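# Analysis of the macromolecular model
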Amino acid sequence: MSYDDLVEAAFFDLDKTIVSRSSSLALGRPLYRAGMVSRGQLMRGAYAQLVYLLIGADEERMDRLKEGMLQLTKGWDRGQVERLVQDVMLDVIDPYVYQEALDLIAEHQAAGRRIYIVSSSPEEVVRPLARHFGVSGVIATRARVGPDNRYTGELEFYAYGQQKAEAIRALADRDDVDLAGCYAYTDSITDLPMLEAVGNPVVVNADRELRHVAEEREWEIRDFDNPVRLRSRIAEAVPPKRAGLAAAAVGIAAVAGVLVWVSLRSRRRPTPA
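Now for a look at the structure at hand. These numbers were taken from a predicted model, which means no experiment stands behind them.

So, about the side chain of Asn205. Along the chain, the position of Asn205 falls in the loop between strand 7 (200-204) and helix 9 (208-217). One polar contact links the side chain of Asn205 to the main-chain amide nitrogen of Phe224, over a distance of 2.8 Å.

A separate point is the sheet that holds strand 6 (residues 183-186). With respect to topology, seven strands assemble into an open sheet ordered 5-4-3-1-6-7-8, the strand pairing being mixed. Each end of this open sheet is capped by a strand with a single partner; those strands are strand 5 (151-157) and strand 8 (220-222). Direction aside, the axes of adjacent strands within the sheet are offset by 25 degrees on average. Note: strand 7 against strand 8, three bridges, orientation parallel. The residue bridging Val202 from the neighbouring strand is Glu220, located in strand 8. Taken strand by strand, helix 5 (residues 99-110) contacts strand 1 (9-12), strand 3 (114-122), strand 6 and strand 8, and its axis lies near 160 degrees from that of strand 1. Sitting on the sheet, helix 9 touches strand 6, strand 7 and strand 8, and the angle it makes with strand 8 is about 140 degrees.

Regarding helix 9, the residues found buried are Leu210, Val213 and Ala214. Down the axis, helix 9 shows its buried residues gathered within 100 degrees of arc, on one side only. What points out from helix 9, more than 90 degrees from its buried face, is the exposed set Arg208, Glu209, Glu215 and Glu216. Where the residues of helix 9 are buried, they touch strand 6, helix 8 (192-196), strand 7 and strand 8. Phi for Glu218, located one or two positions after helix 9, is positive at around 60 degrees.

Rules of the game
Numbering of residues starts from 1 in each chain and follows the order in which that chain's sequence is written. pLDDT decides what is reported in this predicted model: residues at 70 or higher carry local features, side-chain atom pairs at 80 or more are listed and counted, and totals for whole chains, interfaces and linings draw on all residues regardless. Just so you know, side-chain values use all the structure's heavy atoms and leave hydrogens and water out. The helix and strand labels rest on DSSP assignments: H or I over at least four residues marks a helix, E over at least two residues marks a strand, and numbering proceeds from the N terminus. Within 3.5 Å is the distance limit for a polar contact, defined as a pair of N or O atoms, with the added protein rule that one can donate a hydrogen and the other accept it, and that residues adjacent in sequence qualify only through two side-chain atoms. DSSP bridges decide pairing: two strands pair if at least two such bridges lie between them. Every axis corresponds to a line fitted to the C-alpha atoms, with the helix fit spanning only the stretch in contact, and the corresponding angles, defined between N-to-C directions, vary from 0 to 180 degrees. In what follows, a contact means two residues having at least one pair of non-hydrogen atoms within 4.5 Å. Exposure is judged per residue with a 1.4 Å probe applied to protein chains only, and the accessible area is read against the type maximum: over 50% gives exposed, under 20% gives buried, and values in between give partly exposed. Directions pointing from the helix axis toward each C-beta atom define the arc.

Structure below.
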């Protein structure tokens, strides 16, 4: 394989990088009505999600999120979860994404780069987003599902920290991607390995620790501050006969942060850093 045969790509984190704010809290009531969460879990989740949004998530907090998610979702029927998301998403959420993120995705695509979304959220809810934007693929958390199509409480792959970077490198080897010419965008210090895996790291709406690292290493720093409604964008961009289908796909994308919310609901409230 010669250098000329290699391609470039841009890797985007999801929460606080593409999606400007968590829309997953709106799923709480439908999940509650479906008998999948209790009222107490609903209230604890609301508080914990606020902490997450304001403070962020370090390694310890993310570990609590993961364990909480596994315990809470154990035994849930995967098909039921997917149907619930499909049925209620557009009714309860009018998600916001950063216009700047959408523009960047379009710019990279115009330059011939592949686009990948890299998220610790489950692939069941990340893939619809990838399909809508026409991206090349996703790297996301994969939960283990048993023969009965129910979550077992275990993970096949946890897309977090160093695991994200390892998955990116494996993808590059498999798909002939030149990482030296690639870009990565994220907001969290937990994604530092992901940024270090590419030749063009960019921090977006960075937490304090990541911003400090970016300043020291003279990485590009961007602040996105122009959220737009996906509904209106879909209506403008999609022909009428396809608008409904595309809207449904994008609506699910907003739930990509649902693992953060779902996992927090059954745990103790995290202690602010």
